[in-house]
Amino acid sequence: MRGISRTSLVEVTRRLDENVLASAGTAQSGVSLGSELFEVVALLGSQHSLRRWLADQANPAERKTELIGELLEAKVSPSTVIVAGDVVSAKWSGPRDLVDAMERMAVYATVAALQSASALDELEDELFRFQRIVAAQPELREALTREAVAPEQRLSLLESLLSGKVNAATLTLVGEAVTRPRRRTLEQALDHFGGLVAERAKRYVAVVRSAVALSESQQSRLGAALSRAYGRDIHLNTEVAPEIVGGLSIQVGDEVIDGTIAGRIAEVQRRLAG
């Protein structure tokens, strides 16, 4: 969570749940709220003086709420004004943390209606699969990340590829990763959003690479074992990678568990070289 105040984040998330999402009702309303909050993120990202003033703890919280309301009124829904006001009135360690918190609320709102485990699994799988598709097709990645191409054109290409094939929440998050990655690569942005979805679901994501595809039974046993080890539900993103020869490579956050033959050979070679 980097430098973001956990206390402030818990409070604005609680307000999001209680005052806005509880009355949102449908997946589309959550996606719409998320899309508008992403616009607020873009506004703060483009206005250096504004985000510095809003993040300055010396300025009254009430005035911050009034200012963001004045800027957004008649441009977004009342729900978006409420959430944005809650975020800017909370205490953050700096401008970047303020914008990061606003982005988190945008992601949380986007996936608000997907509270069942299966729905969240599907969204996380879609983000992961798209990330792998982009990695395997350099020409597609180039078309989606070329700065010389207008964001609207990149978004249009993305929609032609994914519209009707993925969840609306997935399309919104991928669209943000493509058009406004916030100094991240496309892959980093997709991974970041996937992590926030998992965080919202209060679970971890494990990227599992194996030489051959794992059966459903094997995935179930591995997921259960990892859940016991980490004390939290684990969502598996699996990938077949023949080059690892055999065994499994598992990454949970920054931790890598390398049980592959290739990994063991590499370790032996490193020791010999040392």
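Residues numbered from 1 in each chain as written. Predicted model: local features only at pLDDT ≥ 70, side-chain atom pairs only at ≥ 80, totals over all residues. Heavy atoms only, no water.

Caption draft 1: Region of the structure containing the pattern of salt bridges. The tally for this structure, following the rule as stated, stands at 16 salt bridges. A salt bridge links Arg15 to Asp86; the nearest nitrogen and oxygen atoms lie 2.8 Å apart. With Arg15 in helix 1 (residues 6-24) and Asp86 in helix 5 (residues 78-89), the pair connects residues that are 71 residues apart, well separated along the chain. Here Arg15 falls in the partly exposed class, since its relative accessible area comes to 28%. Assessed through its relative accessible area of 14%, Asp86 is described here as buried. As a salt-bridge pair, Arg63 and Glu70 come within 3.6 Å of each other at their nearest N and O atoms. (Salt bridge = Lys/Arg side-chain N within 4 Å of Asp/Glu carboxyl O. Helix = DSSP H or I, 4+ residues; strand = E, 2+ residues; numbered from the N terminus. Buried < 20%, exposed > 50% of the residue type's maximum accessible area, 1.4 Å probe, protein only.)

Caption draft 2: Expanded view of the packing of aromatic side chains. Applying the stated criterion to the full structure yields one aromatic pair. Ring plane angle 70 degrees and centroid distance 5.9 Å describe the contact between Phe38 and Phe193, whose orientation is recorded as edge-to-face. With Phe38 in helix 2 (residues 27-46) and Phe193 in helix 11 (residues 186-200), the pair connects residues that are 155 residues apart, well separated along the chain. Side by side, Phe38 and Phe193 carry an identical accessibility label, which is buried. When the ring centre of Tyr108 is taken as origin, the NZ or CZ atom of Arg200, which lies over that ring, is 4.8 Å away. (Phe/Tyr/Trp six-rings, centres within 6.5 Å; stacked < 30°, edge-to-face > 60°. Lys NZ or Arg CZ within 6 Å of the ring centre and 35° of its normal.)

Caption draft 3: Highlighting the packing of helix 6 (residues 95-110) against helix 11. The contact between helix 6 and helix 11 brings their axes to 10 Å, and the two run at 70 degrees. If you check the angle between helix 6 and helix 11, you find them roughly perpendicular. Of the two elements, helix 6 crosses helix 11, and the hand of that crossing is right-handed. The segment helix 6 lies against helix 11, with Glu103, Arg104, Val107 and Tyr108 engaging His192, Phe193, Leu196, Val197, Glu199 and Arg200. Of the residues assigned to the contact of helix 6 with helix 11, the class counts are five nonpolar, one polar and four charged. (Axes fitted to C-alpha atoms, helices over the stretch in contact; angles between N-to-C directions. Parallel < 35°, antiparallel > 145°, perpendicular 65-115°, else oblique. Left-handed = near helix turned anticlockwise from the far one by under 90°. Contact = heavy atoms within 4.5 Å. Nonpolar A, V, L, I, M, F, W, Y, C, P; charged D, E, K, R; others polar.)

Caption draft 4: Structural detail: the nonpolar core. Formed by 59 residues in total, the largest nonpolar core has its most connected members in Val87, Met102, Met105 and Leu173. It is helix 6 that provides the largest number of residues to this core, a total of nine residues. Once residues within four sequence positions are removed from consideration, Val87 is found in contact with Val12, Trp92, Leu98, Ala101, Met102 and Met105. Ranked by size, the runner-up nonpolar core spans nine residues in total, among them Ala206, Leu214, Leu236 and Ile250. (Core = buried A, V, L, I, M, F, W, Y, C linked by side-chain atoms within 4.5 Å.)

Caption draft 5: Geometry of helix 5. Counted at 1.5 Å a residue, the expected span for helix 5 with its twelve residues is 16 Å, and the 16 Å between its end C-alpha atoms agrees. Those residues of helix 5 not exposed but buried are Thr80, Val83, Ala84, Gly85, Asp86, Val87 and Val88. (Expected span 1.5 Å × (residues − 1).)

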